[in-house]
Amino acid sequence: MIEFSHVSKVYKGVKALDEVSFTVGPGSITGFLGPNGAGKSTAMRVLVGLCRATSGSATVLGRPYAELDRPGFQVGTLLDAAAQHPGRTGREILTLGAMTLGLPRSRVDEVLDLVGLSGKESRRTVGGYSLGMRQRLGIGHALLGRPAVLVLDEPANGLDPQGVQWMRGLLRGLSDAGCSVLLSSHLLHEVERVADRIVMIGRGRVLAQGTVEELSRGRGLERTFLDLTAHADRSAA
Ligand SMILES: Nc1ncnc2c1ncn2[C@@H]1O[C@H](COP(=O)(O)OP(=O)(O)OP(=O)(O)O)[C@@H](O)[C@H]1O
């Protein structure tokens with residue numbers, strides 16, 4: 001369960017989030033949509049304690065992230081697939097993560113298998129990985145502790161069509177098992193296929209939220225997205 005309640009964030013005069021409220025329940029994949037600079041990454045960073053909200057509260061499993069007992073087993077995050085050290089191998093990165101959580105080495109092999117990185121690929125340094133391989137590694141890292149909540153910032157970026165299809169199956173399986181997934185993306189057609197709920201933001205404000213059917217309004221998510229974001233821009237002008 002993820003809950004944002006009236007979250008605002010101001011960076012030196014820039015209002016990145018303005019009274020953002022929404023919930024991601026267990027067994028839900030919520031697509032988090034908004035134009036560049038809308039505030040998606042900021043909201044995710046606030047949620048996992050990487051920056052502090054100016055007002056309001058964001059909680060995971062009923063608590064602020066900083067107060068979770070075992071965060072590595074409760075929340076999996078992928079906020080920046082490029083964040084890993086380029087000189088480490090994929091296997092080293094997952095092994096470090098597994099050791100930090102006190103997990104056996106066998107979990108590293110399970111996760112590599114889950115995200116489709118071969119033994120050979122896992123022994124290469126990340127500096128030589130494609131973006132899609134980094135995304136797979138980042139998703140694997142997020143899944144190490146079998147968390148109940150997943151926060152993924154543009155995880156489909158750079159994945160090829162097979163990769164996108166694989167990720168769809170993976171996320172559906174996780175949500176069927178009760179996981180709460182918050183997923184930001186600019187790939188509206190993909191979000192339409194994988195998510196059950198949508199939150200659209202523009203200029204830091206929630207523009208609309210509901211099921212994919214409600215927001216598609218029989219015309220597709222893209223039409224609703226373009227109409228709502230254009231309206232938000234006109235109102236701000
Ligand atoms: N550290 C920061 N300092 C100042 N302003 C920031 C900072 N981080 C983000 N912002 C501003 O906050 C607003 C929201 O940015 P954010 O990165 O959250 O948007 P986003 O929806 O994730 O965008 P994108 O789709 O381009 O990744 C933007 O105006 C951005 O310039």
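In this text the structure is predicted, and so the values were computed from the model without any measurement.

Undergrad: A description of the overall build of the protein chain should follow, citing residues and the corresponding values.
TA: A count of helical and extended segments in the protein chain gives 10 helices and 9 strands. Scaling as 2.2 N^0.38, a compact globule of 237 residues should have a C-alpha radius of gyration of about 18 Å, and the protein chain matches this with 18 Å. When the backbone C-alpha atoms are referred to their principal axes, the protein chain occupies close to 50 × 40 × 35 Å. Counting contacts in the protein chain only where the partners sit at least 6 residues apart, residues at least 24 apart contribute 67% of the total. Counting every atom, the protein chain has about 11,200 Å² of accessible surface; 50% of that belongs to carbon and sulfur. Here the protein chain contributes 28 positively and 23 negatively charged side chains, and the mean placements of these two sets differ by 5 Å.

Undergrad: Describe in detail the sheet that holds strand β5 (residues 75-78), supporting the description with residues and values.
TA: Taken in spatial order, the 6 strands line up as β5-β6-β7-β3-β8-β9 in an open sheet, and their pairing is mixed. Looking at which strands have only one partner, the edges of the open sheet turn out to be β5 and β9 (205-211). The sheet shows a mean angle of 15° between the axes of neighbouring strands, direction not considered. Where strand β6 (residues 149-153) meets strand β7 (residues 180-184), 5 bridges bridge the pair, whose relative direction is parallel. From the neighbouring strand, valine 149 faces β7, where its bridge partner is serine 180. Strands in contact with helix α10 (residues 221-236) are β3 (29-33), β8 (197-202) and β9; relative to β8, the strand with the most contacts, it is inclined by about 25°.

Undergrad: An account of the UniProt feature "domain: ABC transporter" (unreviewed entry) in the protein chain is needed here, citing residue identities and associated values.
TA: When the UniProt feature table is mapped onto this chain numbering, "domain: ABC transporter" (unreviewed entry) sits at residues 2-228. What you have in residues 2-228 is 38% helix and 26% strand, and the ends, taken at the C-alpha atoms, are 24 Å apart.

Undergrad: So what about the nonpolar core? Which residues, and what values?
TA: Ranked by size, the top nonpolar core spans 45 residues in total, and within it Leu171 and Ile198 carry the most contacts. Leave out the neighbours within four places in its chain, and isoleucine 198 touches Gly31, Leu33, Val191, Ala208, Gln209, Gly210, Val212, Leu215 and Leu221. Residues Phe4, Val7, Val46 and Val151 belong to the second largest nonpolar core, which totals 24 residues.

Undergrad: Can you explain the packing of aromatic side chains? Please cite residues and give values.
TA: Summed over all chains, the structure comprises 2 aromatic pairs. Relative to phenylalanine 32, the ring of phenylalanine 22 lies with its centre 5.3 Å away and its plane at 50°, an arrangement referred to as tilted. With phenylalanine 22 in strand β2 (residues 14-24) and phenylalanine 32 in strand β3, the pair connects residues that are 10 residues apart, well separated along the chain. A residue is classified by how much of its surface remains accessible, and phenylalanine 22, at 3% relative accessible area, is buried. The ring of phenylalanine 73 is capped by arginine 70, whose NZ or CZ atom sits 4.2 Å from the centre of that ring. Geometry around tryptophan 166 places arginine 136 over its ring, the cationic atom sitting 4.5 Å from the centre.

Undergrad: Outline the pairing of β7, listing residues and values.
TA: Looking along a regular strand, one sees the side chains alternate between the two faces of the sheet. Counting buried positions along β7 gives 5 out of 5 residues, so the element sits mostly inside the fold. Examined bridge by bridge, β3 and β7 share 4 bridges and lie parallel to one another. Opposite threonine 30, over in β7, you have leucine 182 as the bridge partner. Between β6 and its parallel partner β7, the chain crosses via helix α7 (residues 161-176), and the hand of that crossover is right-handed.

Undergrad: Tell me what's going on with the site of the ligand, and back it up with residues and numbers.
TA: Among the 13 residues in the neighbourhood of the ligand, the closest are listed as Gly37, Gly39, Lys40, Ser41 and Thr42. One of the backbone N or O atoms of alanine 38 is found 3.1 Å from an oxygen atom in the ligand. With respect to the ligand, the side chain of threonine 42 contributes an N or O atom lying 2.5 Å from an oxygen atom. Relative to its unbound accessible surface of 630 Å², the ligand loses 59% to contact with the protein.

Undergrad: Could you give me a rundown of the pattern of salt bridges, with the residues and numbers involved?
TA: Between side chains of opposite charge, a pair can form as their charged atoms come close. Counting across every chain of the model gives 9 salt bridges. Ionic contacts of the salt-bridge type, sharing partners, join the residues Lys15, Asp18 and Arg205 into one network.

Undergrad: Which residues make up the environment of serine 28, and what values go with them?
TA: Locating serine 28 in the fold gives a position in the loop between β2 and β3. Counting along the chain gives 189 residues from serine 28 to arginine 217, while the straight-line C-alpha distance between them is 20 Å. If sequence neighbours within four positions are ignored, serine 28 has contacts with Ser175, Cys179, Ser180, Val181, Asp196 and Arg197. A distance of 3.1 Å separates the side chain of serine 28 from the side chain of aspartate 196, its partner in a polar contact.

Undergrad: Please give an account of the side chain of arginine 107 that cites residues and values.
TA: Here arginine 107 shows up in helix α4 (residues 106-115). Here the side chain of arginine 107 touches glutamate 110 through a polar contact of 2.8 Å, side chain to side chain.

Scoring rules and cut-offs
Residues numbered from 1 in each chain as written. Predicted model: local features only at pLDDT ≥ 70, side-chain atom pairs only at ≥ 80, totals over all residues. Heavy atoms only, no water. Helix = DSSP H or I, 4+ residues; strand = E, 2+ residues; numbered from the N terminus. Rg over C-alpha atoms; globule rule 2.2 N^0.38 Å. Contact = heavy atoms within 4.5 Å. Areas by Shrake-Rupley, 256 points an atom, 1.4 Å probe, with all protein chains shown as cover. Lys, Arg positive; Asp, Glu negative; His and termini not counted. Charge placed at Lys NZ, Arg CZ, Asp CG, Glu CD. Pairing = 2+ DSSP bridges. Axes fitted to C-alpha atoms, helices over the stretch in contact; angles between N-to-C directions. UniProt positions renumbered as here; feature names shortened; annotations may be inferred. Core = buried A, V, L, I, M, F, W, Y, C linked by side-chain atoms within 4.5 Å. Buried < 20%, exposed > 50% of the residue type's maximum accessible area, 1.4 Å probe, protein only. Phe/Tyr/Trp six-rings, centres within 6.5 Å; stacked < 30°, edge-to-face > 60°. Lys NZ or Arg CZ within 6 Å of the ring centre and 35° of its normal. Right-handed = clockwise from strand over helix to strand, strands pointing away. Near = heavy atom within 4 Å. Polar contact = N/O pair within 3.5 Å; in protein donor to acceptor, adjacent residues only side chain to side chain. Salt bridge = Lys/Arg side-chain N within 4 Å of Asp/Glu carboxyl O.

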